[in-house]
Amino acid sequence: AAGDAAHRMARLAKRESHPAGARLYGKGDPAVLQAEAMRAAHRALAIDSTLAPAHAALGNLLNAQWRWQEGRAELQRAVSLDPTYAPGFQWLGENQLLNGDLVGAERSLAQAVRLDSTLSVTKAVHAVVVALLKRTSESDRLFAEALARTPSVAALHVIRATALLYSNRVPDAVRALEVARV
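Counting from 1, residues in each chain are numbered in the order their sequence is written. Local features in this predicted model are restricted to residues of pLDDT 70 or higher, and side-chain atom pairs are both shown and tallied only at a pLDDT of 80 or more, whereas totals for entire chains, interfaces and linings draw on every residue. Values reported for side chains reflect all heavy atoms of the structure, with hydrogen atoms and water molecules removed beforehand.

A few points about the overall build of the protein chain
Point 1. Helix and strand definitions here come from DSSP, where helices need a minimum of 4 consecutive H or I residues and strands a minimum of 2 consecutive E residues; each element is numbered from the N-terminal end. A count of helices and strands for the protein chain gives eleven helices and zero strands.
Point 2. Its helices and strands in sequence order give the protein chain the pattern α-α-α-α-α-α-α-α-α-α-α, from N to C terminus.
Point 3. The classification of residues rests on relative accessible area computed with a 1.4 Å probe and restricted to protein chains. Under 20% of the type maximum is buried, over 50% is exposed, and intermediate values are partly exposed. Across the 182 residues of the protein chain, 45% fall into the buried class.

Details of the nonpolar core
Point 1. For our purposes a nonpolar core is just a set of buried Ala, Val, Leu, Ile, Met, Phe, Trp, Tyr and Cys residues, chained together by side-chain atoms within 4.5 Å. Of all hydrophobic cores here, the largest spans eleven residues; its members are A124, A127, V128, V130, A131, L142, F143, L147, L156, I159 and A163.
Point 2. Looking at this core, the elements with two or more residues in it are α8 (120-132), α9 (136-149) and α10 (154-166).
Point 3. Sorting elements by how many residues they give to this core places α8 first, with five residues.
Point 4. Each residue touching L147, except ones within four places of it in the same chain, is listed here: L156, H157 and R160. We call two residues in contact whenever any of their non-hydrogen atoms come within 4.5 Å of each other.

Things to note about the packing of helix α3 (residues 30-47) against helix α4 (residues 52-64)
Point 1. Working convention: axes come from line fits to C-alpha atoms, limited for helices to the stretch in contact. Angles between N-to-C directions cover 0 to 180 degrees. Relative to each other, α3 and α4 sit at 145°, their axes nearing to 9 Å. Handedness of the crossing formed by α3 with α4: left-handed. Taken together, the residues of α4 that come into contact with α3 (itself represented by Q34, A37, M38, A41, H42, A44 and L45) are A54, H55, L58, L61, L62 and A64.
Point 2. Residues were grouped as follows: Ala, Val, Leu, Ile, Met, Phe, Trp, Tyr, Cys and Pro as nonpolar; Asp, Glu, Lys and Arg as charged; and all remaining residues, including Gly, as polar. The residue inventory of the contact of α3 with α4, partitioned by class, reads ten nonpolar, three polar and no charged. We call a crossing left-handed when the near helix sits turned anticlockwise from the far one by less than a right angle, and right-handed when that turn is clockwise.

Concerning unusual backbone geometry
Point 1. A positive phi angle is found at K134, which is not glycine, with a value near 70°.
Point 2. In this fold, K134 is placed in the loop between α8 and α9.
Point 3. A relative accessible area of 63% places K134 in the exposed class.

Considering the pattern of salt bridges
Point 1. The term salt bridge refers to a side-chain nitrogen of Lys or Arg lying within 4 Å of a carboxyl oxygen of Asp or Glu. Inspection of the entire model under this criterion finds eight salt bridges.
Point 2. In this structure, the salt-bridge partner of R141 is E145, at a minimum N-O distance of 2.8 Å. One end of the pair is R141 and the other is E145, both in helix α9 and four residues apart, which spans about a single turn.
Point 3. Connected through salt bridges with shared partners, the residues D140, R169, D172 and R175 form a single ionic network.

Remarks on helix α7 (residues 102-115)
Point 1. Between its first and last C-alpha atoms α7 spans 20 Å; for 14 residues at 1.5 Å apiece the expected length is 20 Å, and the two agree.
Point 2. Taken residue by residue, α7 has G104, A105, E106, S108, L109, A110, A112 and V113 as its buried positions.
Point 3. In this structure, the buried residues of α7 make contact with α6 (86-98), α8 and α9. Each helix should span, by expectation, one fewer than its residue count multiplied by 1.5 Å.

Thoughts on a nonpolar patch on the surface
Point 1. What makes a patch is a set of residues exposed beyond 30% relative accessible area and free of salt bridges, joined within 9 Å when like-charged and within 5 Å when nonpolar (Val, Leu, Ile, Met, Phe, Trp, Tyr). Surface accessibility follows the Shrake-Rupley procedure with a 1.4 Å probe radius. Residue values consider only the protein chains on display as shielding. Together, L165, V170 and V174 make up a nonpolar patch on the protein surface, roughly 230 Å² of accessible area in all.
Point 2. Checked against the element boundaries, V170 lands in helix α11 (residues 170-181).
Point 3. Taking the relative accessible area as the measure of exposure, V170 reaches 40% and is therefore partly exposed.

Examining the confidence of the model for the protein chain
Point 1. Per-residue confidence from the predictor is given as pLDDT, running between 0 and 100. Here the protein chain shows a mean pLDDT of 87. Residues at 70 or above account for 85%.
Point 2. In the model, residues 20-25 has pLDDT below 50 throughout and makes six contacts with residues more than four positions away in sequence or in other chains.

Some words on α4
A turn of α-helix holds 3.6 residues, and therefore any two residues three or four places apart point the same way.
Point 1. Taking 1.5 Å as the rise per residue, α4 with 13 residues should run 18 Å; its terminal C-alpha atoms sit 18 Å apart, in good agreement.
Point 2. Counted residue by residue, α4 has eleven buried out of 13 residues, so it is predominantly covered.
Point 3. Residues of α4 that are buried include every one of A52, A54, H55, A56, A57, L58, G59, N60, L61, L62 and N63, and no others.
Point 4. Remark: W66 follows α4 within two positions and exhibits a positive phi of approximately 65°.

A short note on the side chain of S139
Point 1. Topologically, S139 is positioned in helix α9.
Point 2. Looking at S139, the relative accessible area reads 3%, which means it is buried.
Point 3. With residues near it in sequence (within four places) discarded, S139 still touches A127, V130, A131 and A163.

As structure tokens, this is what we get:
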């Protein structure tokens, strides 16, 4: 009973923890949804402090507030509790990327992709990190895999354009943005 409640709260926290989610899906005010998700994550952890999804959701929520160190600590806790939890590795990699730890980001995102190769956005963010590490052909391959799976997701084309700009491939980036706009 208490365990079921903790898992339900962890799922709620995870679902609402991405700051773009509310805006992308028109679910409501992102600040309100994030506050609810923060409360759900804390409630879930009060019931069961070993729930990796709750730690990961809390870490992602802290990242959204630019509380990077606290977010990273929660995400590291999540992946240490459940080393098979792909979203925890994805969000940890995003935290590391945004804080300049490209090697850590590459390692975390590669692990997320290994754990769940169906995550096209994870693969795309991994491709950006690989592009920043100047491994252009590997970045191109990762984007090709992500886009083959979900070619109509505009966000993937925008993410690809970012990686192409990092690689100084401006005409290719413009084409990627044109595809995203359609």
